[in-house]
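Structural features, examined
Take a look at the letters that make up each chain.
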Amino acid sequence: MTSSPSETETTVHPLQEFADAVAGAVGGEAKIAFDTVKVRVAPEQWVSALTTARDELGLVFFSFLSAVDWSAEVEVGDPPGDEVEERFELLAAVGDLGAGRRVIFTTDLAKDSPVIPSVVDVFPGANWHEREAHEMFGIEFVGHPNLANLYLPDSFMGNPLRKSYPLLSREVKPWPGNVDVEPMPGGDEETTEGPSEENPEA
Amino acid sequence: MVLDQDLVRHLSETSVSVELETEDMTLNIGPQHPSTHGVLRLVARVDGERAFDVQPVIGYMHRGYEKLAEVRSYPQITTLVNRIDWVSGYANEVPFIVAAEKLLEIEVPERAQYIRLILTEMARISSHLVFMASYPLELGAPTPLFFALRERERVLDLLEGVTGGRFHPNFNRIGGVKPAYGSGSSTRKVIQDLPAGFLAETRDAMDKVTVAVDEINSLVAGNEIILARTKGVGVLPPEVAASYGVSGPNLRASGVGFDLRKVEDYLPYHLFDFEVPVGENGDCWDRWHVRLLEIRQSVRIIQQAIDGIPSGPLQAKVPKVIKVPKGETYVRAENPKGEMGYYLVSNGAQGPYRLKIRSASFSNISILPWILEGVLIPDIIAIMGSLDFVLGDVDR
């Protein structure tokens, strides 16, 4: 089910040809990791890349649009590691309705002014996804017909999915105590293995 | 008495002109309305009997799972994702746990994969049976509810027997599955597997579900009122559905034979023989009928899986404290409601750096402003019901 790294290094990934074709058509760079094709484009190519994907590559199904906040300093969770490039990574996943090919287009937005043209005219389904990304990450989608809050109350302050936004319940009471993960009950062996026997009566 | 014809004409013309001067009214439907399946609010501009500019207002159920996932470990997150689409809680776990296994490059034992597959299809059957129960009810036909919920209970009992939970099984572990029976440290050496008689009982239940589906079909398919209220109502063209991200049975009802079970490898569906039912017109009736046919296909899959279930362990060897290596992947699955996917970004810690939850109902009801434009008010209920959404799956 899963592809091992040695496979992807020595042999060409079965999706490589497709990934290169997409990257060539939209003018971006393709990357395949764990059976997921990502094509990175420049922000000014964002709308044209998704239009090309829909009209020329047959990627007519709009799956989702969201973002990742890459941030060296985080209020919640674990930091991403040392060599992180501070940015918002915008994601838009599209796919076809035949062979099941799918691509996640990404583009990098500056932390201080995340602004990008809206793709609502290309995929009308992006409307709600962009509203969600707007309230959760503070990304500005230029040309969106109604960039109002989708989930949050109108008076809500801040952008909750930014890494700089604290999880308030954790501020009040650290959870669950000193360690984040409680030890599993029973035994202190290094690895756990399931039962080797099966139920003959099943 | 002789009617003054001039007076009659004058009065009727007056009443016509009064009718022409109606004002548009803004109508709030919900958030506490039985037909909205939870707390969905619709704001519609009503002109006579027709609704325009329908705007769904969502967010009453928003629980912030994407933020919570950033401070939870992987085993803890499976309990959260159970609660996204609670009508088929089990099916939500699978793509998430498969995404984590993909980054860990763990090979899941075959028997565990078969059990996951059987339970996923049982979740699909129970979810579709809830639809078979609620949709005719919304159209004014309460009888099918009793047939559907009786069978759903049969399926849920089996699910409960294996997982210990009816709605929130929390059954998948990274690397395999964990049956409830015999769990816990003191009984670890005791058999932890499917409960006794599970396979035979499931086979029996599948036969009964097939019969019940035929019964429900005979109750509904011959009912002229239901046919009149669903045929040709709420037609969704396939290209519009795709551009809004409408997936699953709603997309297939529009004639697109696209099923992620056929193209993705999250569970070994390629080993089984099943068809992908499609509709012709994309109307409410097709969305009902496709789900009905899908139950039969799920029964077929389960029967084949029971025949072919291999023996072996239920759990791969994994470290006690699991740290998922750095990486990003998107795993999507054909859930009862449509495409359910997890975009998982790991930074090598015990929990994800970012987890984007792509839920089916969210995109499925984003079509509402388009599909409800200009429809009759009673048709709003018929169309919304036919889309089969769950508010937990919309708001996450």
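Predicted model only: the values in this text are computed from it and were never measured.

Angle between the axes and distance between the axes are the two parameters that describe a pair of packed helices. All names here are of chain B. Packing of helix 7 (residues 198-221) against helix 12 (residues 284-308) brings their axes to within 10 Å, and their N-to-C directions diverge by 165 degrees. Judged by the inter-axis angle, helix 7 sits roughly antiparallel to helix 12. Helix-helix and strand crossings are classified by hand; for helix 7 and helix 12 the assignment is left-handed. The residues of helix 12 that touch helix 7, namely those facing Leu199, Thr202, Arg203, Met206, Val209, Thr210, Val213 and Asn217, are Leu292, Ile295, Arg296, Val299, Ile302, Gln303 and Ile306. The class makeup of the residues in the contact of helix 7 with helix 12 is nine nonpolar, four polar and two charged.

All names here are of chain A. Secondary-structure assignment places Pro145 in the loop between strand 7 (140-142) and helix 5 (168-172). Looking at Pro145, the number of C-beta atoms within 10 Å reads 13, which means it is partly exposed. With 83 residues separating them in the primary sequence, Pro145 and Phe62 have C-alpha atoms 18 Å apart.

Residues and elements named next belong to chain B. Among the secondary structure elements, Leu104 is positioned in helix 4 (residues 89-104). Assessed through the 21 C-beta atoms surrounding it within 10 Å, Leu104 is described here as buried. Residues Leu104 and Val324 lie 220 residues apart in sequence; the distance between their C-alpha atoms is 5.7 Å. Setting aside residues up to four positions removed in sequence, Leu104 forms contacts with Ile174, Val324 and Pro325.

Attention now goes to the sheet that holds strand 2 (residues 41-47) of chain B. All names here are of chain B. Pairing is antiparallel across the open sheet formed by three strands, whose spatial order is 1-2-3. Edge positions in the sheet fall to strand 1 (25-29) and strand 3 (50-57), since each has one partner strand and no second. In this sheet, neighbouring strand axes are inclined to one another by 25 degrees on average, regardless of whether the strands run parallel or antiparallel. Bridge count for strand 2 against strand 3 is six bridges, and the pairing is antiparallel. Bridge pairing in strand 3 places Arg45 opposite Phe52.

All names here are of chain B. Looking at chain B as a whole, its pLDDT mean stands at 85, while 91% of the residues score no less than 70. Counting interchain partners and residues more than four positions distant, the pLDDT-below-50 stretch residues 182-190 has 10 contacts. Among the scores for the predicted complex, ipTM is 0.82 and pTM is 0.83.

Here we come to the nonpolar core. In terms of nonpolar packing, the biggest core is built from 157 residues, with Leu50(A), Leu91(A), Ala92(A), Val94(A), Val103(A), Ala100(B) and Met122(B) touching the most fellow members. Element by element, the count of residues in this core is highest for helix 5 (residues 110-138) of chain B, at 15 residues. With residues up to four places along the chain from it excluded, the contact list for Ala92(A) reads Leu50(A), Leu65(A), Phe105(A) and Val119(A).

Procedures and definitions
Residues numbered from 1 in each chain as written. Chains lettered and ligands numbered in written order. Predicted model: local features only at pLDDT ≥ 70, side-chain atom pairs only at ≥ 80, totals over all residues. Axes fitted to C-alpha atoms, helices over the stretch in contact; angles between N-to-C directions. Helix = DSSP H or I, 4+ residues; strand = E, 2+ residues; numbered from the N terminus. Parallel < 35°, antiparallel > 145°, perpendicular 65-115°, else oblique. Left-handed = near helix turned anticlockwise from the far one by under 90°. Contact = placed C-beta atoms within 7 Å. Nonpolar A, V, L, I, M, F, W, Y, C, P; charged D, E, K, R; others polar. Buried ≥ 20, exposed ≤ 12 C-beta atoms within 10 Å, placed from the backbone. Pairing = 2+ DSSP bridges. pLDDT = per-residue confidence, 0-100. Core = buried A, V, L, I, M, F, W, Y, C linked by C-beta atoms within 7 Å.

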